[in-house]
Amino acid sequence: MYDQINEPIEVVVSFKENNILPKYFSWRRKIYKVNQVHLVHTSKIGNQILYHFSVTDETNYFQLVFNPFTLTWILKTLYSNG
Amino acid sequence: MQRIILHLDMNSYFASVEQQANPFFRNKPLGVCAYLSPNGCIIASSLEAKKVGIKTGCRVKEAKKLYPRVILIENDPDKYRTVTKKFFKIMGGYSGSFEPYSIDEAFLDLTGWVKSFDQAWLLAAEIHQRISSDIGSWLRCSIGISFTKFLAKFGSDIADAGATLVIPSKDILDDLYLNHQLTDLWGINLRLEKRLNNLGIWSILDLKNASVQLLLQAFGKYGYWLHAHVNGVEVDHLRSSAELWSKSIGHSYCLPKQTTDKKYLLAILYKLTAKVGERLRERNQTAMGVYIHWSCISRLCYGKSFKLKKPVASTDDIFTKAHQVLHQAILKDKVKMLVVGVFNLSEPSKQLGLFGSLANMELAEALDKINHRYHSQMIYRGRMWKTESLAKDRIGFRKVGL
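From a predicted model like this one, the values you see are computed outputs, not experimental measurements.

Caption draft 1: Highlighting the overall build of chain A. The secondary structure content of chain A amounts to 0 helices and 7 strands. Starting at the N terminus and walking to the C terminus, you meet the elements of chain A as β-β-β-β-β-β-β. The globule rule puts the C-alpha radius of gyration for 82 residues at 12 Å, and the 12 Å found for chain A is close to it. Along the longest, intermediate and shortest principal axes, the C-alpha atoms of chain A span 40 × 25 × 25 Å. Classification of the 82 residues of chain A by burial places 23% in the buried group. Long-range pairs, those at least 24 residues apart, make up 26% of the contacts in chain A between residues at least 6 apart in sequence.

Caption draft 2: Region of interest: the nonpolar core. With 74 residues, the main nonpolar core has Leu64 of chain A together with Leu6, Phe14, Ile42, Ala120, Ile143 and Ile145 of chain B as its most contacted residues. The residues that make up this core include at least three from each of domain 1 (1-168) and domain 2 (170-238) of chain B. The contact partners of Leu64 of chain A, leaving out residues within four places of it in the chain, are Ile9, Val11, Pro22, Phe25, Phe53, Val55, Trp73 and Leu75 of chain A. Ile249, Tyr270, Ala274 and Trp294 of chain B belong to the second largest nonpolar core, which has 26 residues in total.

Caption draft 3: Local environment of unusual backbone geometry. Residue and element names in this part refer to chain B. Even without glycine at this site, Asn284 takes up a positive phi of about 55°. Mapped onto the secondary structure, Asn284 falls in the loop between α13 (262-282) and β10 (286-296). The backbone phi angle of Asn344 is positive, close to 50°, even though this residue is not glycine. When you line up the elements, Asn344 lands in strand β12 (residues 335-346).

Caption draft 4: Focus on helix α5 (residues 117-135) of chain B. Residues and elements named next belong to chain B. End to end, α5 covers 26 Å across 19 residues, agreeing with the expected 27 Å (1.5 Å per residue, within 8%). Along α5, the positions that sit buried rather than exposed are Ala120, Leu123, Ala124, Ile127 and Ile131. Axial view of α5: buried residues confined to an arc of 105°, hence all on one face. Exposed residues pointing more than 90 degrees away from the buried face of α5 are listed as Asp118, Leu122, Ala125, Glu126, Gln129 and Ser133.

Caption draft 5: Layout of the sheet that holds strand β11 (residues 301-312) of chain B. Residues and elements named next belong to chain B. As summarised here, the arrangement of the 4 strands in space is β9-β12-β10-β11, forming an open sheet in which the pairing is antiparallel. Strands with a single pairing partner mark the edges of an open sheet, and in this sheet they are β9 (249-259) and β11. On average, each strand axis in the sheet is tilted by 15° relative to the strand beside it, whichever way the strands run. Across 10 bridges, the pairing between β10 and β12 is antiparallel. Bridge pairing in β12 places Gly289 opposite Phe343.

Caption draft 6: View of the pairing of β10 of chain B. Residue and element names in this part refer to chain B. Bridge analysis of β10 against β11 gives 8 bridges, and the strand direction is antiparallel. Counted as the bridge partner of Trp294 is Tyr302 from β11. What sits between β10 and β11 in their antiparallel hairpin is a turn of 4 residues, with Arg299 showing a positive phi close to 75°.

Caption draft 7: Broad picture of the interface of chain A and chain B. Opposite the 15 residues of chain A that make contact, chain B presents 15 residues. Taken together, the elements giving at least two residues each to the side of chain A that touches chain B come down to β4 (36-45) and β5 (48-56) of chain A. Looking at the side of chain A that touches chain B, the element that brings in the most residues is β4 of chain A, giving 6 residues.

Caption draft 8: Examining the sheet that holds strand β3 (residues 42-45) of chain B more closely. All names here are of chain B. The strand order across the open sheet built from 3 strands is β3-β2-β4, with neighbouring strands paired in mixed fashion. The sheet terminates laterally at β3 and β4 (71-74), the two strands that pair on one side only. Across the sheet, the axes of successive neighbouring strands diverge by a mean angle of 30°, strand direction being ignored. Strand direction decides the pairing type here: strand β2 (residues 30-33) and β3, joined by 3 bridges, are antiparallel. From the neighbouring strand, Val32 faces β3, where its bridge partner is Ala44.

Caption draft 9: Looking closely at the confidence of the model for chain B. Here chain B averages 89 in pLDDT, and 93% of its residues register 70 or above. Here the predicted complex carries an ipTM of 0.95, next to a pTM of 0.84.

Caption draft 10: Local environment of the packing of helix α1 (residues 13-21) of chain B against helix α4 (residues 77-92) of chain B. All names here are of chain B. Viewed as axis vectors pointing N to C, α1 and α4 meet at an angle of 95°, and their least axial separation amounts to 10 Å. Classified by the interaxial angle, the pair formed by α1 and α4 is roughly perpendicular. Residues Tyr13, Phe14, Val17 and Ala21 of α1 form the contact with α4, whose participating residues are Lys79, Tyr80 and Val83.

About the cut-offs
- Sequence order as written defines residue numbering, which begins from 1 separately in each chain.
- Starting at A for chains and at 1 for ligands, labels are handed out in the order in which the entities are written.
- Where totals are concerned, whole chains, interfaces and linings use all residues; where local detail is concerned, this predicted model gives features only for residues with pLDDT of at least 70, and gives and counts side-chain atom pairs only at 80 or more.
- Helix and strand labels come from DSSP, where a helix needs a run of H or I of at least four residues and a strand needs a run of E of at least two; each type is numbered from the N terminus.
- For the radius of gyration, the atoms used are the C-alpha atoms, and the globule rule reads 2.2 Å times the number of residues raised to 0.38.
- Three exposure classes are used. Buried residues have 20 or more other C-beta atoms within 10 Å of their own C-beta, exposed residues have 12 or fewer, and partly exposed residues fall in between, all C-beta atoms being placed from the backbone.
- It is the C-beta atoms, placed from the backbone, that decide contacts: two residues are in contact if theirs lie within 7 Å.
- Think of a nonpolar core as buried Ala, Val, Leu, Ile, Met, Phe, Trp, Tyr and Cys residues chained together by C-beta atoms that fall within 7 Å.
- An automatic or database domain assignment supplies the residue ranges for each domain.
- Helix span, as expected, comes to 1.5 Å for every residue beyond the first.
- For this quantity, the arc is that covered by the directions from the helix axis to the C-beta atoms.
- Strand pairing is defined by DSSP finding a minimum of two bridges between the two strands.
- In this description, a line fitted to the C-alpha atoms serves as the axis of each element, helices being fitted only across the stretch in contact, and the angle between N-to-C directions of two axes falls anywhere from 0 to 180 degrees.
- The predictor's confidence in any single residue is recorded as pLDDT, a number from 0 to 100.
- To sort the angles, those under 35 degrees are grouped as roughly parallel, those over 145 as roughly antiparallel, those from 65 to 115 as roughly perpendicular, and the leftovers as oblique.

Structure, rendered in structure tokens:
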């Protein structure tokens, strides 16, 4: 099922019409191209709002989390189809 | 002026949100569970899961028997709350009168905002389209439009997934009711259906044609409401946020470890009480009543509720009352579920400082401030030590507070 990863990643994003969309990210020395962003949702830790991006490449689902206070990204969850 | 009410109901909500987030789950039987343990309950199943017999309320072990390749995942309240906020925002833009009925349902009063049912239908089509384009193309909702709140909800309940059903006049009610059962009506469950059967009412048409006196005699005021609802007479209104506040606040938890160990049970009881207290203080209310309830593996239940002489709002004051009951109880049987809550809620009296537990209240408010700023469990009582993974955030269908 879902693998909990919780590791820091580097992300290339685009800013478009008040939206921020991940385009590529690198994790464990490999670069992944984001094909589509399917859902963006938020969560809170104290008064900090975190942004969760549910994205896919060809074969995997990833949940990327952006913390706007620390300007950091983590790969939270991974799901491989098949 | 023609009254026009719209009711929107998201289809297979939690499961659809998960399928929206992860496209690899689409077109597959999927169950969103409260817990993934064998006895965990499925709180939402996808349309595909429903087709293989996995319905809401099914246990994890039963679902795996019915369809071994079913995808089962734990619920993610933040996802559903975010999507709910988004579709509430879309709906709220079409009328000044909006009632968020539950996490996946809401009413709109379009009276004065549209001129006719045709216009309302066009507006519904726009809402369908905006949910698809602004939130997610996999999300579907059913919309009912009518001249009463009850019939608008009936319309969305019987409409196909992703469709809109308009009930513009009383003339079509008989035809509409013909193909549906009593339990298809809002508020009629199997128990009420049985009571109606005892009165000789076997169908919705029977209920529509039953005399008001008979229904009043059997059910009191609710009997009149039933009569009015099915006959298309409006006796309801869209509720404001203040009206929607529940009359009590409670939290329950199915224990992962069924036990008679009071130390463990009291730790969880304190954690549940802390959640109750936090919600009570968030609403700036106090309670004049506390209830505690637990059920055992033998299916026996124990519970006590009592009215208080002084209003309470701090976690410690609420816990003291609930603790007394559990502490004094002789537990012969393993406990499997704990419930704690408060009732008789009101605005805090100005005299709370004189007669209430001021120190407890000040401490609770200080802890709330710190926990709101940093983390929901930044500071907590030692009693809650090692309960981090227990009684986590959960979501209910009737909870509208986002």
